[in-house]
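Structural overview for review
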Amino acid sequence: MIDLHYWPTPNGHKITLFLEEAGLPYTIHPVDIGKGEQFRPEFLAIAPNNRMPAIVDHEPLGGGAPLSIFESGAILVYLAEKTGRFLPADAVGRYDAIQWLMWQMGGLGPMAGQNHHFNIYAPEKIPYAQERYVRETARLYGVLDKRLADRDFIAGDYSIADMAAYPWIVPHEAQGQKLEDFPNLKRWFDAIAARPATVTAYAKGKAVNDGSKPMTDEQRQNLFGTPAKN
C-alpha cells in the first residue's frame, strides 16, 4: 500500500495519473496547501522541502522498511522502476523519457508556475513579469509541439514524461495559451484527457478539493485545472 500525501495541483496530479494507470493500491492523505498543512512536522518528516506530493511505500522496491520519497519527478521514476511500467527498459529509451521528465521539472513546471503567480495571484500586477512568463510558457509549448510532430507521445509509448507534462498543460487558458496554436500538442493533450485513468485521477482530485474549504469555480479552474472534454 502506498500513502500519497497530496493536494490536487499539477504536481499532485502527476502521481495520481501514474497510480491510476498502474492500478497500484494507494490512500490519499490530503495536504491542504491553502491551510499551510505542508508545514506540519509530520509532513516535513517525509518531505523536508515542505512541498507536496510525497509518498510512503509500505512495500518498497527491494523490500525493507517503509520508504518515503518527495519530489514529483523522483516519485515518478521510483514508481516506474517499482512496476516496470511507463519507462522504457533500454538505455536509449529510458534516458529519452527521463530527459523530457527533467525538461518538465526544470522548465515547463517552474515557468508555468511563475505565469500563474504573476497573472493570477500576485497582489501587484507587474506587466514585465506577466509578459515574460506568458512568452516563456508559449515557447515551451512550442518545444513540446515540435517534439510531438512525429510521435503520439513524448518518448514513444505513453510514459512518465507525458504524465509529468500533461497536468501543466491542463490550465492552459489561465496561462494565456490556446491549444489551437499548437496542433500536435493539442492532439496529444486530447488523447491523454480521454484515458480512463486520467478521468479517474482528476475526479479524485476534485473530490479532495470539494471536501475542503469552499472555492469558486474560477479559483478551482485557475489552481487545479480540469481535464479536457471531448
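In case you missed it, the structure is sitting above this.
I will try to describe carefully the structure that is included in this document. (Residues numbered from 1 in each chain as written. Predicted model: local features only at pLDDT ≥ 70, side-chain atom pairs only at ≥ 80, totals over all residues. Heavy atoms only, no water.)

**Details of the sheet that holds strand β1 (residues 2–6)**
What counts is decided by this rule: DSSP bridges decide pairing: two strands pair if at least two such bridges lie between them. Numbered from the N terminus, helices here are DSSP runs of H or I no shorter than four residues, and strands are runs of E no shorter than two. Throughout, an axis means a line fitted to C-alpha atoms (over the contacting stretch in the case of helices), and angles, computed between N-to-C directions, take values from 0 to 180 degrees.
Sheet architecture is open: 4 strands sit in the order β2-β1-β3-β4, paired in mixed fashion. In the strand order of this sheet, the two ends are held by β2 (26–30) and β4 (67–70), each with one partner. Each strand of the sheet is rotated relative to its neighbour by a mean of 20 degrees, with strand direction disregarded. Across 4 bridges, the pairing between strand β3 (residues 54–57) and β4 is antiparallel. Bridging across to β4, Asp-57 finds its partner in Leu-67.

**Description of the side chain of Lys-14**
What counts is decided by this rule: Buried means the residue's accessible area, taken with a 1.4 Å probe over protein chains only, is under 20% of the maximum for its type, while exposed means over 50%, and partly exposed covers the values in between. Under the counting rule used here, the positive set is Lys and Arg, the negative set is Asp and Glu, and His together with the chain ends is not counted. The term salt bridge refers to a pairing of a side-chain nitrogen on Lys or Arg with a carboxyl oxygen on Asp or Glu at a separation within 4 Å. By definition, residues are in contact when any of their heavy atoms lie within 4.5 Å.
For Lys-14, the position within the fold is in helix α1 (residues 10–22). Although buried, Lys-14 forms no salt bridge, and the nearest oppositely charged side chain, Glu-71, lies 7.3 Å from it. Look past the residues within four positions of Lys-14 in its chain and what remains in contact with it is Ser-72, Leu-76, Gln-104, Met-105, Met-163, Ala-164, Pro-167 and Trp-168.

**Some points on the packing of helix α4 (residues 91–121) against helix α6 (residues 160–169)**
For clarity, the cut-off: In these notes the angle categories are as follows: under 35 degrees is roughly parallel, over 145 is roughly antiparallel, 65 to 115 is roughly perpendicular, and the rest is oblique. Classification convention: Asp, Glu, Lys, Arg as charged; Ala, Val, Leu, Ile, Met, Phe, Trp, Tyr, Cys, Pro as nonpolar; all other residues, Gly among them, as polar.
Taken N-terminus to C-terminus, the directions of α4 and α6 make an angle of 10 degrees; their axes are 9 Å apart at the nearest point. Put simply, α4 runs roughly parallel to α6. When α4 is examined against α6, the residues Ala-97, Trp-100, Leu-101, Gln-104, Leu-108, Gly-109, Ala-112, Gly-113 and His-116 are found in contact with a partner set consisting of Ile-160, Ala-161, Ala-164, Ala-165, Trp-168 and Ile-169. When its residues are assigned to classes, the contact of α4 with α6 shows 11 nonpolar, 4 polar and no charged.

**Notes on the pattern of salt bridges**
Under the counting rule described, the total for this entry stands at 11 salt bridges. Notably, a salt bridge pairs Arg-94 with Glu-81, separated by 2.5 Å at the nearest N-O pair. Note that Arg-94 is positioned in helix α4 and Glu-81 in helix α3 (residues 72–83), a separation of 13 residues in sequence. Arg-94 sits in the partly exposed class, given a relative accessible area of 21%. Assessed through its relative accessible area of 37%, Glu-81 is described here as partly exposed.

**Things to note about the nonpolar core**
Put simply, the rule reads: What is meant by a nonpolar core is a set of buried Ala, Val, Leu, Ile, Met, Phe, Trp, Tyr and Cys residues, joined one to another through side-chain atoms within 4.5 Å.
Membership of the largest hydrophobic core comes to 67 residues, with the highest contact counts inside it found for Phe-18, Leu-79 and Trp-188. Element by element, the count of residues in this core is highest for α4, at 9 residues. Among all residues touching Phe-18, those that are not within four sequence positions of it are Leu-24, Leu-76, Leu-79, Ala-80, Thr-83, Arg-85, Phe-86, Ile-160 and Met-163.

**Comments concerning helix α5 (residues 127–147)**
Selection rule: How far a helix is expected to stretch is found by multiplying one less than its residue total by 1.5 Å. Each C-beta atom gives one direction from the helix axis, and the arc is the one those directions make.
Here α5 is 21 residues long and its end C-alpha atoms lie 30 Å apart, about the 30 Å a rise of 1.5 Å per residue gives. Listed as buried for α5 are Ala-129, Gln-130, Tyr-133, Thr-137, Leu-140, Tyr-141, Leu-144, Asp-145 and Arg-147. The buried residues of α5 all sit within an arc of 160 degrees when viewed along its axis, so they share a single face. What points out from α5, more than 90 degrees from its buried face, is the exposed set Tyr-128, Arg-135 and Lys-146. Contacts made by the buried residues of α5 are with α4, α6 and α7 (183–193).

**Re the environment of Leu-19**
Counting through the fold element by element, Leu-19 comes out in helix α1. For Leu-19, the residues in contact, after removing those within four places along its chain, are Ile-2, Leu-4, Leu-24, Tyr-26 and Leu-79.

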